[in-house]
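Secondary and tertiary structure notes
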Amino acid sequence: MSDLIGGNGCGVRIGVYVCHCGTNIAGTIDVRALAEFAATLPGVVLARDYKYMCSDPGQELIKKDIAEQNLTRIVVAACSPCLHEKTFRHATEEGGLNPFFFHMVNLREHDSWVHTDKVAATEKGKDLLRAAVRRVKHHKPLERRQVSINPDALIVGGGIAGIHAALTMANAGKHVYLVEREPTIGGHMAQFDKTFPTLDCAACILTPKMTAAKTHPNITLWTLSEVEKVEGYVGNYKVSVKRKPRYIREDVCVGCLECVEACVYKQAKVLDEFNLGLGKRRPIYIPFPQAVPQLVLIDPESCIEFKSGTCKKTCVEACAERQAIDFKQQERFEEIDVGTIILATGFDVFDASRIPYYGYGTYPNVYTALELERLVNASGPTAGEVLLRDGTKPKSVGIIHCVGSRDDNTNKYCSRVCCMYSLKLAHLIKEKTDAEVYNCYIDIRAPGKGFEEFYNRVSEEGTHFIRGKVADVFPTEGTNQLTMRVEDTLMSMVRQISVDMVVLAVGLEAQSDAQDVRRRFNISSSTEGFFLERHPKLAPVSTFTDGVFLAGCCQGPKDIPDTVAQAGAAAAEALALIDAGAVELEPNTAYIEEELCSGCKTCIPMCPYSAISFVADKKKAAINEVLCKGCGTCVAACPSGSIVQNLFEDVEVFDEIEGVLAYA
Amino acid sequence: MPDQFEPKIVAFFCNWCTYLAADLAGTSRLKYAPNIRVVRLMCSGRVDPQFVLDAFAKGADGVLIGGCHPGDCHYQEGNYKALRRAHLLRTVLREMGIEDDRFRLEWISASEGDKVRTVVNDMVAKVRALGPLHLAAKPTPQVVAAHAHSITAAAVVGGA
Ligand SMILES: Cc1cc2nc3c(=O)[nH]c(=O)nc-3n(C[C@H](O)[C@H](O)[C@H](O)COP(=O)(O)OP(=O)(O)OC[C@H]3O[C@@H](n4cnc5c(N)ncnc54)[C@H](O)[C@@H]3O)c2cc1C
Ligand code: SF4
Ligand code: SF4
Ligand code: FES
């Protein structure tokens, strides 16, 4: 490192810092040449290259130079501003300058990492630097607007992620709205009997948390509810929640289930969603015995009263003086104000019928793993017995791993939990039926705490492991069995294995409405459809929308321990924001220079937030700074050039354009 | 290879989708042509037609605008405004003798790092084939402003 003292020429004193980022930048770009080049640019009084600008000594350098060289503008050419703009603005401020007297050049993500030709990459670096130096001289001292944070929080989705996050925040004394669209909270975990790798009973660990969420004085739990609309910004979101009718008065129903017994349907006839259609329920029902809230609901699709209005309404009779049943309940909307939002909307399992050669939906004894979870569950449709469709116990079961995962035709990614839950199911099936179990896998992925040990345990129990991707499943001639054809890659031979039951280890996918949900909350998704975190390593539960956090499988496949850890992290991030009491907003808002405004009203319909109004007596437009989110659309539309966007002023952008194009 | 023509492309990327996609291309170490210079704006709706005309006037051989997919704009509908302006801008550019391939609007989401690569490479190849841009008469700032004005005015008539 050394410094290069350049000339001056335009009233500002700019310091330029070119970061090596170890070899990340310096390996492709001649950083020394860039610094030398910068020193020749008008306004630059000092240019340095340095190994790690974001390190403490790097930041100190900026502060020291501001003091010693009377710098008035700072340019750092390093990584993406999305990563370190905050860091360097802070250093600039600590050095005694307005933090916005700073501009950042993206030399790493946009240059050294994407180009191989060193000369071309260095030339590009020069252009970008020149643009920054030209632009930064126009920078104005700006103030960040402080907004207070409403301490109430919204959590969307009541699976284990949402429940855990809600309890954490509620225990910290914050009021939480927990919004779940199903009639009960619990999510997928409520469907399992045991959980890997410890095989502890899912209900025993989940039910107490569900109940705690329901009874906690700081949690308002709304089931059968969905978020319709979100407005506002960090700390100050206005949310409209649609609450679907349960046809049961929640404050009156005591969950005695007498109405269910009394229903005119003496036999349960309706396919039961919670049991994935493996069991039946009545039109008035409770999803499962430990459902929270402990309330029944009526399904208007199958209820005779809803269909014809002629039912004897034996349920109402049974409910008697409690009068909890209300056929007239309507959908309604609640408007709430919250400061932070945690999305915990979970996942959907892969639709196995998308792989026709495994025969799901065609051969009755092909099941998905989630269906098997219900069969092994003591409170499931078979009271915990693993049975074939004809009611007999299977003597042999094949489990096919990676169905809808690690597959170019469906999902390329690994769903992370299927190997482990397949081992769990192998163990449970063996325990319950003593059947021969064949697990056909591509690789066994058992990378968690206690996972490898669990794999060894299941192997020792006598489960057969066949390394190979099953090619197809078809009926075995002359029997009721199914044949799995698989190339055993360890034995280098094709094997045909006849089994009574086939279980498909379906992968985890984003919820089918994930794209609508993410748009509602103004966040992005990754290519696979899961919600996108702000940074994969350093901000794994944040999103690009301040105040909106992620927890659990909505961000990507993961097991329960990781889900709970992430939910705790999301709650902590939200709590940190709330306890800070206020946040500072980026000052990139727009304002109108009154003298220039011709009163043409072009800008008014441009603004998506209705931030622009027309001041009739002055015949001029005016922007409400609190409502403006700083997109700049009105700025680009104003024919008289009278709207200015802070940080993106016309002069700044024009000089940047000229900067990247002017050959040195 | 004899000196091949290296076009200069100025790109206006919105902060929330395309800029992040370009960052992702970086963290994924995807390689693409070094001819592009990105100017970061908050939204594709901020792209003033004057920015595009100015870039051509100052020597760009191509201009690329990158924004969020329809329905995904961080500010709800800035990208629709950008799209409408781009249509009008294209007619003006044609009048000025600037070929269609030199001006491009693309929707690239934050997860589409690979699309940044393919779009940039494709655009560089096409502009390279067209050769350097020789504007018949270099538009003066006044001309640029006048054209831009007609576009914003037309966009207004087009309705919001
Ligand atoms: C077959 C199978 C077996 C498994 N076995 C194990 C195991 O043994 N051990 C283990 O650690 N992990 C296991 N897993 C993984 C485990 O299921 C997940 O880690 C866990 O369920 C993730 O919790 P979640 O809260 O993120 O999502 P979910 O459990 O999917 O919960 C999401 C909740 O959000 C609700 N929701 C969705 N969208 C909305 C919306 N728009 N508005 C309101 N509410 C909404 C849903 O109704 C649901 O209640 C298994 C997974 C599968 C598929
Ligand atoms: S578009 Fe410009 S000139 Fe017209 S009302 Fe708005 S600020 Fe005033
Ligand atoms: S910058 Fe965007 S949000 Fe702000 S007033 Fe203009 S159009 Fe509205
Ligand atoms: S923020 Fe990307 S186009 Fe508007």
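What comes next concerns the included structure. Just so it is clear, the structure is predicted and the values come from calculations on it, not from any experiment. (Residues numbered from 1 in each chain as written. Chains lettered and ligands numbered in written order. Predicted model: local features only at pLDDT ≥ 70, side-chain atom pairs only at ≥ 80, totals over all residues. Heavy atoms only, no water.)

Some thoughts on the site of ligand 2
Taken together, 14 residues lie around ligand 2, and Cys597, Cys600, Cys603, Cys638 and Ser640 of chain A are the ones closest in. Counted by class, the shell around ligand 2 contains eight nonpolar, five polar and one charged residues. (Near = heavy atom within 4 Å. Nonpolar A, V, L, I, M, F, W, Y, C, P; charged D, E, K, R; others polar.)

Points about the side chain of threonine 18 of chain B
All names here are of chain B. With respect to the helices and strands, the residue threonine 18 is situated in helix H1 (residues 18-27). Since its relative accessible area comes to 0%, threonine 18 is described here as buried. Within polar-contact distance, the side chain of threonine 18 engages the backbone oxygen of glycine 66 at 3.4 Å. One polar contact links the side chain of threonine 18 to the main-chain carbonyl oxygen of isoleucine 108, over a distance of 3.1 Å. (Helix = DSSP H or I, 4+ residues; strand = E, 2+ residues; numbered from the N terminus. Buried < 20%, exposed > 50% of the residue type's maximum accessible area, 1.4 Å probe, protein only. Polar contact = N/O pair within 3.5 Å; in protein donor to acceptor, adjacent residues only side chain to side chain.)

A word on the nonpolar core
If you look at the biggest cluster of nonpolar residues, it comprises 107 residues, and the most contacted ones within it are Val16 of chain A together with Phe12 of chain B. Ranked by residue count, the leading element in this core is helix H5 (residues 118-136) of chain A, at seven residues. Of the residues that make up this core, three or more belong to each of domain 1 (2-144) and domain 5 (590-645) of chain A. If we ignore the near neighbours within four places in the chain, the residues touching valine 16 of chain A are Ala38, Val44, Leu46, Ala47, Arg48, Val75, Leu129 and Val133 of chain A. Counting residues in hydrophobic clusters, the runner-up holds 70 residues, among them Ala153, Val176, Met210 and Val541 of chain A. (Core = buried A, V, L, I, M, F, W, Y, C linked by side-chain atoms within 4.5 Å. Domains from an automatic or database assignment. Contact = heavy atoms within 4.5 Å.)

Details of the packing of helix H12 (residues 418-433) of chain A against helix H13 (residues 451-460) of chain A
Residue and element names in this part refer to chain A. Between H12 and H13, the least distance of the axes is 10 Å, while the angle of their chain directions is 35°. The handedness of the crossing between H12 and H13 comes out as left-handed. Along its contact with H12, which presents Met420, Leu423, Lys424, Ala426 and His427, the element H13 presents Phe451, Phe454, Tyr455, Arg457 and Val458. Looking at side-chain class alone, the contact of H12 with H13 contains seven nonpolar, one polar and two charged residues. (Axes fitted to C-alpha atoms, helices over the stretch in contact; angles between N-to-C directions. Left-handed = near helix turned anticlockwise from the far one by under 90°.)

Looking at the packing of aromatic side chains
Describing an aromatic ring pair means giving the distance of the ring centres and the angle of the ring planes. Considering all chains together, one arrives at 12 aromatic pairs over all chains under this definition. Judged by centre distance (6.1 Å) and plane angle (35°), the ring pair of phenylalanine 88 of chain A and phenylalanine 102 of chain A falls under tilted. Remark: phenylalanine 102 of chain A occurs in strand E5 (residues 102-106) and phenylalanine 88 of chain A occurs in helix H3 (residues 81-94); sequence separation between them is 14 residues. Here phenylalanine 88 of chain A matches phenylalanine 102 of chain A in class, with each residue buried. A centroid spacing of 5.3 Å and a plane angle of 90° characterise the contact between phenylalanine 654 of chain A and phenylalanine 51 of chain B, whose relative ring orientation is edge-to-face. Here phenylalanine 654 of chain A is found in helix H17 (residues 650-661), whereas its partner phenylalanine 51 of chain B is found in helix H2 (residues 49-57) on a different chain. (Phe/Tyr/Trp six-rings, centres within 6.5 Å; stacked < 30°, edge-to-face > 60°.)

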